[in-house]
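Here is how the chains run, residue by residue.
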Amino acid sequence: MLSRIKREGQKFFLSDGNGFLKHVNGVQDISLGYQTTISSFSVLGAKKTYLSPSAPQTGTLNINSLLFYEDVFYNKLFTSEGFSGKIEYKKEGVVFDNAHLVSYSSSCSIGEIPSISMQADIYGDMKKNEVKETTKEFLNNSFKIAGYNSINLTLGDVFKTNRVQSYALSASAKRNPVYSFNSKKPDEVVLNNPIEFSINFNIEVDDYEIENMRGLEKGSVFKDISIDINDTSRCSEDLIQSFKLENAIIESESYSSATDSNVNLALSLKAYKGLIL
């Protein structure tokens with residue numbers, strides 16, 4: 001009898017590095033796959049077509065998630081160590097190892113639950129899950145649910161009198177796999193600093209003063225951006241995620257106004273972590 005794999009029959013696990021697989025809450029969708037790097041060639045005097053790998057093979061992992069309980073991906077931006085995990089369905093699934101985060105984003109608007117997205121390149125194996133399963137799985141059925149009303153934002157004094165309607169933060173990490181002869185996997189995957197962040201705020205304006213356009217050429221700087229995401233109780237003990245960025249540079253400011261809306265400002269900034277001056 002044919003059947004379908006429903007959402008309640010699917011789970012995503014990450015390895016904790018100690019032989020345990022931990023269930024990740026809040027996942028909305030996952031895509032995991034690879035593309036062959038085989039190319040064909042021919043030679044004079046032969047009808048046969050030959051096949052050969054044209055480049056090292058990698059896989060990709062993409063996840064979109066609501067921010068429930070904890071953010072397990074953000075800190076993986078800053079490490080050269082790979083991570084492993086499993087997608088489970090019907091007691092089977094796909095396991096992968098030596099994945100490295102290459103992009104991350106977090107966003108929220110008024111009336112929404114904060115969401116996160118990530119993409120990782122997989123330099124190790126990706127294969128069907130074996131039934132043997134010597135690792136232990138821990139299901140996590142506890143939740144800390146964040147909301148727009150449990151997020152504290154700081155950008156100097158800007159947000160004390162100007163109302164934030166949404167934020168969007170994204171970061172990218174450049175990875176350099178190092179290969180040697182007679183090896184299908186890289187000897188190491190080097191993280192190239194710095195990690196670049198883009199931060200966007202949409203603000204309803206009260207007394208915000210736009211910067212001097214020519215002054216930006218001199219490097220106008222907000223020394224501190226802080227985004228603290230708590231659960232809906234807003235208790236400091238229930239902090240789910242915190243982003244702290246220093247020396248963020250204004251990239252753009254865009255005012256907009258209409259007869260049927262308030263004055264809005266789209267503010268974009270750029271920051272770096274791991275920058276060596």
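Definitions and limits used
- Chains are numbered independently. Their residues run from 1 in the order of the written sequence.
- Where totals are concerned, whole chains, interfaces and linings use all residues; where local detail is concerned, this predicted model gives features only for residues with pLDDT of at least 70, and gives and counts side-chain atom pairs only at 80 or more.
- Calculation of side-chain values draws on the structure's entire complement of heavy atoms; hydrogens and water are dropped beforehand.
- In this text, helices come from DSSP runs of H or I with a minimum length of four residues, and strands from runs of E with a minimum of two, each type numbered from the N-terminal end.
- Burial classes follow relative accessibility: with a 1.4 Å probe on protein chains only, a residue under 20% of its type's maximum area counts as buried, one over 50% as exposed, and anything between as partly exposed.
- Any two residues whose heavy atoms approach within 4.5 Å at even a single point are treated as in contact.
- In these tables, accessible area is a Shrake-Rupley quantity obtained with a 1.4 Å probe, and a residue counts as shielded only by the protein chains included in the view.
- The term salt bridge refers to a side-chain nitrogen of Lys or Arg lying within 4 Å of a carboxyl oxygen of Asp or Glu.
- Each residue gets a pLDDT score, which is the predictor's confidence in that residue and runs from 0 to 100.
- Note on terminology: a nonpolar core comprises buried Ala, Val, Leu, Ile, Met, Phe, Trp, Tyr and Cys residues joined through side-chain atoms within 4.5 Å.
- Distance thresholds for patches are 9 Å for like charges and 5 Å for nonpolar side chains (Val, Leu, Ile, Met, Phe, Trp, Tyr), applied to residues having over 30% relative accessible area and no salt bridge.

When helices and strands are counted, the protein chain shows 1 helix and 17 strands. Counting over 277 residues, the protein chain shows a buried share of 33%. Within the protein chain, contacts between residues separated by at least 24 positions form 70% of all contacts whose residues are at least 6 apart in sequence. Carbon and sulfur atoms make up 49% of the accessible area of the protein chain, which totals about 16,900 Å².

Our focus in this paragraph is the environment of Gln10. Note that Gln10 resides in strand E1 (residues 10-15). Gln10 gets classed as partly exposed once you look at its relative accessible area, which sits at 41%.

So, on to the pattern of salt bridges. Per the counting criterion, the structure on display carries 6 salt bridges. Arg163 is paired through a salt bridge with Glu204; the nearest N and O atoms lie 3.4 Å apart. Here Arg163 is found in strand E13 (residues 163-178), whereas its partner Glu204 is found in strand E14 (residues 188-204), with 41 residues between them in sequence. Owing to a relative accessible area of 17%, Glu204 belongs among the buried residues under this scheme.

Moving on to the confidence of the model for the protein chain. Of all residues in the protein chain, 83% attain a pLDDT of 70 or more, and the chain-wide mean is 81. Strand E11 (residues 136-138) is the least confidently modelled element of the protein chain, averaging 57 in pLDDT, while strand E9 (residues 115-122) averages 94, the highest of any element.

Turning to the nonpolar core, a few remarks are in order. As a rule of thumb, nonpolar side chains are buried together in soluble globular proteins. Counting 49 residues, the largest nonpolar core has Phe12, Leu61, Tyr104, Phe197, Phe201, Ile225 and Ile227 as the members making the most contacts within it. The residues contacting Ile227, other than those within four sequence positions of it, are Ile151, Asn152, Leu153, Tyr167, Leu169, Phe201, Gln241, Ser242 and Phe243.

All right, on to the environment of Asn176 then. Inspection of the secondary structure assignment puts Asn176 in strand E13. C-alpha separation for the pair Asn176 and Glu188, spaced 12 residues apart in sequence, amounts to 8.4 Å.

Before going further, it helps to examine a nonpolar patch on the surface. A surface patch of nonpolar side chains, amounting to about 240 Å² of accessible area, comprises Phe41, Val43 and Tyr50. Mapped onto the secondary structure, Tyr50 falls in strand E5 (residues 50-53). Accessibility expressed as a relative area gives 31% for Tyr50, which makes it partly exposed.

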